[in-house]
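Secondary and tertiary structure notes
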Amino acid sequence: MDFALSEEQTAIFDMAYGFGQEHVAPNAMAWEAEGTIPKELWTEIGQLGLGGIYVSEENGGSGLSRLDATLVFEALSMGCPAVAAFLSIHNMCAKMIDLYGSDDLRARYLPKALTMETVLSYCLTEPGSGSDAAALATRAEASGSGYSLTGTKAFISGGGYSDAYIVMARTGEAGPRGISALVLDDGTEGLSFGGLEAKMGWKAQPTRQVQMDGCPVPAGNLLGEEGKGFRYAMAGLDGGRLNISACSLGAAQAALDATLAYMAERRAFGQSIDQFQALQFRLADMEIELQAARTFLRQAAWKLDTGAPDATKFCAMAKKFVTEAGSKIADQCLQLHGGYGYLADYGIEKIVRDLRVHQILEGTNEIMRMIVARSLISS
């Protein structure tokens, strides 16, 4: 088994890393303070072909693999995990349009989504349905030549910021088979947004409730077939779980790199603190866990790329393991910085805050355990 990256994959990583270090990292603290990401950044990212990382080449995308995508998100998150994670959401939506959209829908939305002139958000979670996503209450009633969309979505990254939203709504019976997916344009009559959420981390991402009160949606904005929206939403989550894991991995790597540099300079009791064996052991443990997480993530991505029957289980396992490892490593890096780690100027406390939510979104890590356990019991 060959664990080495190809020359092309190394180039992909280096390109994303270089962009992140030049255009994202120097601005990450300012964007966090402002609570937003300049739209100009997305058009620059779109020019690199990262607005449709795994959208098919046939439909204008980059056509990269899921493994390739994890390299992009790992590299970008070394500049800022909040920015990288938002790009993951946009790409998940673009891939859903690529896979399930009609020719007309793809023609209307994909070109500008790929250049990121159109930024996309994903609307599944509701105030009363988080992990039990199939219990969602938002309804899309047949109305004239389309649908009338009514309901509220919660914790939406890009709420009030994005240009279009993929909304999962009930068009039929209770349960997952009654759910459809529709594309809703910003500015649609009846569409409004809650106040900006005050969050622990991911502060650069504007997050709001998305509120729909009889929003008219043309029939042509139905994604795929009625009643299959929940299946589409869940299919997108396997890749989303890999991406968010990659964001944890890259940010934890950035924290460890910063900690190594800090410890080489920080002196105590007549020597740099990286010379104390007890602290060296802690560094070694972090490196071992980080490399284990990286290997596990890439194996899961390979399984998703090859259509392995246990790909969903491996994506769930990787998401649980890598996001928890990333948070643990970032917390240890803060500890090794001592009091300085608690200060915003050093950037470590931001990584700790940003990574905590990774254990909650794209399916909580408790849900990841359920997926794995059910796979074991049914086999």
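Every value quoted in this text rests on a predicted model; they were computed, and no experiment measured them.

1. Things to note about the pattern of salt bridges
Enumeration according to the criterion identifies 16 salt bridges in this entry. Of the charged contacts, one joins Arg139 and Glu141 as a salt bridge, the two residues approaching to 3.0 Å between their closest N and O atoms. Residue classification places Glu141 among the partly exposed residues on the basis of a relative accessible area of 43%. Salt bridges here are not isolated pairs; linked through shared partners, they connect Glu32, Glu349 and Arg353.

2. Some remarks on the state of the cysteines
All chains considered together, the criterion is met by 0 disulfides. This cysteine, Cys215, is not joined by any disulfide, and Cys123 carries the nearest cysteine sulfur, 11 Å off. In this structure Cys215 comes out as buried when scored by relative accessible area, which is 0%.

3. Some words on the packing of helix H5 (residues 81–100) against helix H6 (residues 103–115)
Helix-helix packing: each pair is described by the crossing angle between the helix axes and the interaxial distance. One can describe the packing of H5 onto H6 by two numbers: an axis separation of 10 Å at closest approach and a directional angle of 150 degrees. Our classification of the angle between H5 and H6 gives roughly antiparallel. Note that H5 runs across H6; the crossing there is left-handed. Contact residues: His90, Ala94, Ile97 and Asp98 in H5; Arg106, Tyr109, Leu110 and Ala113 in H6. Here the contact of H5 with H6 is composed, by residue class, of 5 nonpolar, 1 polar and 2 charged.

4. Side note on the packing of aromatic side chains
For the structure shown, the criterion picks out 11 aromatic pairs. Among the aromatic residues, those joined into a cluster by ring pairs are Trp42, Phe86 and Tyr161. A cation sits over an aromatic face here: Lys303 above Phe314, 4.5 Å from the ring centre.

5. Let's talk about a nonpolar patch on the surface
Judged by side-chain polarity, Tyr340, Leu343 and Tyr346 come together as a nonpolar surface patch covering roughly 270 Å² of accessible area. Within the secondary structure layout, Tyr340 lies in the loop between helix H9 (311–336) and helix H10 (348–356).

6. Observations concerning H10
With 8 of its 9 residues buried, H10 lies for the most part within the structure. Along H10, the residues classified as buried are Ile348, Glu349, Lys350, Ile351, Val352, Arg353, Asp354 and Leu355. Turning to H10, the residues buried within the fold contact helix H2 (28–34), H5, helix H7 (229–265) and H9.

7. Some details on the packing of helix H4 (residues 66–77) against H5
Between H4 and H5, whose axes approach to 8 Å, the crossing angle comes to 150 degrees. The angle between the axes of H4 and H5 places the two elements in the roughly antiparallel class. As for the relative orientation of H4 and H5, their crossing is right-handed in sense. For the pair H4 and H5, contact is made by Arg66, Phe73, Leu76 and Ser77 and by Pro81, Ala84, Leu87, Ser88, Asn91 and Lys95, respectively.

8. Here we look at the side chain of Arg170
The residue Arg170 is located in strand S4 (residues 164–170) in this model. Among buried Asp, Glu, Lys and Arg side chains, Arg170 stands out as unpaired, with Glu126 the closest opposite charge at 7.5 Å. Within polar-contact distance, the side chain of Arg170 engages the backbone oxygen of Leu136 at 3.0 Å.

9. Observations concerning the environment of Met368
Within the element layout of this structure, Met368 appears in helix H11 (residues 365–378). Counting along the chain gives 146 residues from Met368 to Leu222, while the straight-line C-alpha distance between them is 29 Å. Discounting chain neighbours no more than four positions away, the residues touching Met368 are Arg241, Ala316, Lys319, Lys320, Glu362 and Gly363.

So, how was this worked out
Residues numbered from 1 in each chain as written. Predicted model: local features only at pLDDT ≥ 70, side-chain atom pairs only at ≥ 80, totals over all residues. Heavy atoms only, no water. Salt bridge = Lys/Arg side-chain N within 4 Å of Asp/Glu carboxyl O. Buried < 20%, exposed > 50% of the residue type's maximum accessible area, 1.4 Å probe, protein only. Disulfide = S-S within 2.5 Å. Axes fitted to C-alpha atoms, helices over the stretch in contact; angles between N-to-C directions. Helix = DSSP H or I, 4+ residues; strand = E, 2+ residues; numbered from the N terminus. Parallel < 35°, antiparallel > 145°, perpendicular 65-115°, else oblique. Left-handed = near helix turned anticlockwise from the far one by under 90°. Contact = heavy atoms within 4.5 Å. Nonpolar A, V, L, I, M, F, W, Y, C, P; charged D, E, K, R; others polar. Phe/Tyr/Trp six-rings, centres within 6.5 Å; stacked < 30°, edge-to-face > 60°. Lys NZ or Arg CZ within 6 Å of the ring centre and 35° of its normal. Patch = residues over 30% accessible without salt bridge, like charges linked within 9 Å, V, L, I, M, F, W, Y side chains within 5 Å. Areas by Shrake-Rupley, 256 points an atom, 1.4 Å probe, with all protein chains shown as cover. Lys, Arg positive; Asp, Glu negative; His and termini not counted. Polar contact = N/O pair within 3.5 Å; in protein donor to acceptor, adjacent residues only side chain to side chain.

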